[in-house]
Structures are given as C-alpha cells and as structure tokens.
Amino acid sequence: MVFYTCGPNEAMVVSGFCRSPPVMIAGGRVFVLPCVQQIQRISLNTLTLNVKSEKVYTRHGVPISVTGIAQVKIQGQNKEMLAAACQMFLGKTENEVAQISLETLEGHQRAIMAHMTVEEIYKDRQKFSEQVFKVASSDLVNMGISVVSYTLKDIHDDQDYLHSLGKARTAQVQKDARIGEAVAKKDAGIKEAQAMQEKVSAQYVNEIEMAKAQRDFELKKAAYDLEVNTRKAESDLAYQLQVAKTKQKIEEQKVQVQVVERAQQIQLQDQEISRKEKELEA
C-alpha cells in the first residue's frame with residue numbers, strides 16, 4: 001500500500017480494485033494498492049485565457065475585432081463538477097484544458113458580438129462582458145469548469161468605424177461642453193444681475209430703515225423736548241406762584257404786625273389817657 005498526497009491546486013482520482021465509482025480527492029491524501037489500483041491527477045489551477053475574436057460581423061454588418069480576458073478553473077470543491085471535469089479532462093494537460101475552454105469562450109464571444117451593434121459593445125462594455133460571462137458559465141459548468149471572471153480588454157476595427165464613432169462622440173462632447181459653458185455663463189450673468197438687484201434693494205431698504213429710524217428719533221426727541229419744556233414752564237410758573245404767595249404772606253404778616261403795633265399804640269395811649277385822668281382827678 002502506497003500513501004499519496006496532493007496540494008490544494010490539484011485533485012487525485014483513484015480507480016480500480018474496490019474503487020467503483022472512482023474516488024476523487026481534492027487537496028488531500030489517499031492510500032493506493034499498487035498494481036490493482038490506479039491514481040491520476042488533474043490540475044485545479046486558475047487558467048488565464050486571452051479570448052480573441054477577429055473581424056466578426058456585428059448586427060449591422062460592421063466587422064470588428066474583440067479581445068477579452070477570462071479566468072477559468074476546474075471546480076474541485078463541487079463533487080458533481082469535479083466528476084464532470086474528470087470525465088472530460090482526466091489525462092489531459094493544462095494547455096489542452098485551456099485550449100478547450102478558450103475555444104468555447106471564443107465561440108460564445110463571437111455569437112454575442114453578432115447579436116449586438118458596434119455602438120452597444122463600444123459604449124456598454126460592462127453589458128457585453130456580463131453576457132459573455134453568463135452564457136459561457138452556463139456552458140462550461142457542464143464540463144466542470146467555472147468562469148471566475150471575464151473582462152472586455154480591447155475593441156478595434158480595420159475600417160476606422162470606431163475612430164469615426166469616437167470623433168462623433170468627441171464632437172458631441174465638445175458641443176455639450178460649449179452648450180454647458182454658455183448655459184453656465186448665462187446662469188452666472190442672471191445670478192450676478194439678481195445679486196446686484198438684491199444688493200440695490202437691500203441698500204434701498206437699509207436707507208429707508210435708516211430714514212425711519214432718524215424720523216422716529218426726531219419725533220421722540222421733539223416729544224421729549226416738549227415734555228421737558230412743559231415741565232420746565234410748569235416748574236417756573238409754580239416757582240413764580242410760590243414766590244408771589246410767599247410775598248403775599250409776608251405782606252399779610254407785615255400788615256398784621258402793623259395792626260398789632262397800632263393796637264399796642266392805642267393801648268398805650270389809652271393807658272396814658274387813663275393815667276392823666278387819674279392824675280387830674282387826684
């Protein structure tokens with residue numbers, strides 16, 4: 001009994017005595033009985049394919065050449081796909097597997113090119129790549145091969161169709177740029193005029209508000225001055241009235257003093273007369 005191992009990039013298939021159906025081991029180990037059992041290996045490496053389709057007529061009859069880059073590999077983790085790959089490719093080299101996959105991909109690429117226009121392929125490369133990936137994947141999966149990725153690399157033609165298409169696109173872009181620039185200038189002019197109008201309006205509003213504020217100030221100042229002057233006049237008048245009252249009181253008091261003095265004089269005279277009368281009587 002011999003012990004065999006393999007790395008994660010290959011699978012082993014053991015057939016023969018007590019191995020029906022054959023045993024498939026992807027990245028592992030197995031015991032093999034010499035002479036009565038046979039071991040074969042199949043590569044699980046990822047293969048990079050340069051898929052070229054030269055001068056294929058598109059839907060409108062324009063011949064173009066397309067180059068795509070695809071990566072494919074035999075799927076070792078799926079037992080059914082690994083079994084299908086073993087039936088198809090066991091005993092074949094990586095180059096042979098790559099050639100079969102390349103021919104399949106190239107056929108699907110040509111078929112899809114024939115159903116699309118040059119403009120569709122040129123403008124929407126993502127759509128073209130997705131269609132090739134989808135159709136090729138559904139076909140190669142039956143061989144145990146999975147398409148890891150597909151990318152459209154290059155498109156060219158010998159009749160300058162793409163060049164003319166590029167010129168038309170460039171002219172359209174330049175036209176759109178000029179239109180965009182004109183529209184931008186127009187919008188800028190309109191916005192500038194609006195800004196100037198808003199500025200002037202704001203200035204007028206500001207001047208009106210300042211005039212209103214000045215007017216309100218003058219009115220309030222006049223009212224304040226009127227109130228101050230009125231209060232001052234009232235104060236002066238009250239002062240003069242108080243002075244007059246005070247003078248009147250003083251005059252009244254003077255009169256009263258004179259009356260008192262006169263009464264005292266009369267009293268003194270009466271007393272003198274009474275004294276003299278008494279003297280005469282005596």
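Residues numbered from 1 in each chain as written. Predicted model: local features only at pLDDT ≥ 70, side-chain atom pairs only at ≥ 80, totals over all residues. Heavy atoms only, no water.

With respect to the domain arrangement of the protein chain
By domain assignment, the protein chain separates into domain 1 (1-43) and domain 2 (45-158). Here the C-alpha centre of domain 2 lies 31 Å away from the C-alpha centre of domain 1. Listed as interface residues are nine residues of domain 1 and, on the opposing side, 11 residues of domain 2. On inspection of domain 1 and its partner domain 2, the count reaches zero salt bridges. Summed over the shared surface of domain 1 and domain 2, the number is two residue pairs in polar contact (both at pLDDT 80 or more). (Domains from an automatic or database assignment. Contact = heavy atoms within 4.5 Å. Salt bridge = Lys/Arg side-chain N within 4 Å of Asp/Glu carboxyl O. Polar contact = N/O pair within 3.5 Å; in protein donor to acceptor, adjacent residues only side chain to side chain.)

Some words on helix α2 (residues 94-114)
Residues lying three or four places apart along an α-helix face the same way, a consequence of the helix completing one turn every 3.6 residues. With 21 residues, α2 should reach 30 Å at 1.5 Å per residue; the first-to-last C-alpha distance of 30 Å fits that figure. Inspection of α2 places V97, A98, S101, T104, L105, E106, H108, Q109, I112 and M113 among the buried residues, and these make up the whole buried set. Here the buried face of α2 lies against β6 (47-57), β7 (63-74), α1 (79-89), α3 (118-123), α4 (125-140) and β8 (145-156). (Helix = DSSP H or I, 4+ residues; strand = E, 2+ residues; numbered from the N terminus. Expected span 1.5 Å × (residues − 1). Buried < 20%, exposed > 50% of the residue type's maximum accessible area, 1.4 Å probe, protein only.)

Section: unusual backbone geometry
A positive phi angle is found at K55, which is not glycine, with a value near 50 degrees. With respect to the helices and strands, K55 occurs in strand β6.

Topic: the pattern of salt bridges
Tallied over the full model, the rule gives eight salt bridges. In this structure, the salt-bridge partner of D225 is K221, at a minimum N-O distance of 3.2 Å. Here K221 and D225 lie together in helix α5 (residues 161-281), a separation of four residues that amounts to about one turn. Overall, the relative accessible area of 40% leaves K221 in the partly exposed class. Salt-bridge contacts for R231 lead to E227; the nearest nitrogen and oxygen are separated by 3.5 Å. Linking R231 with E227, this pair stays in helix α5, spanning four residues, or about one helical turn.

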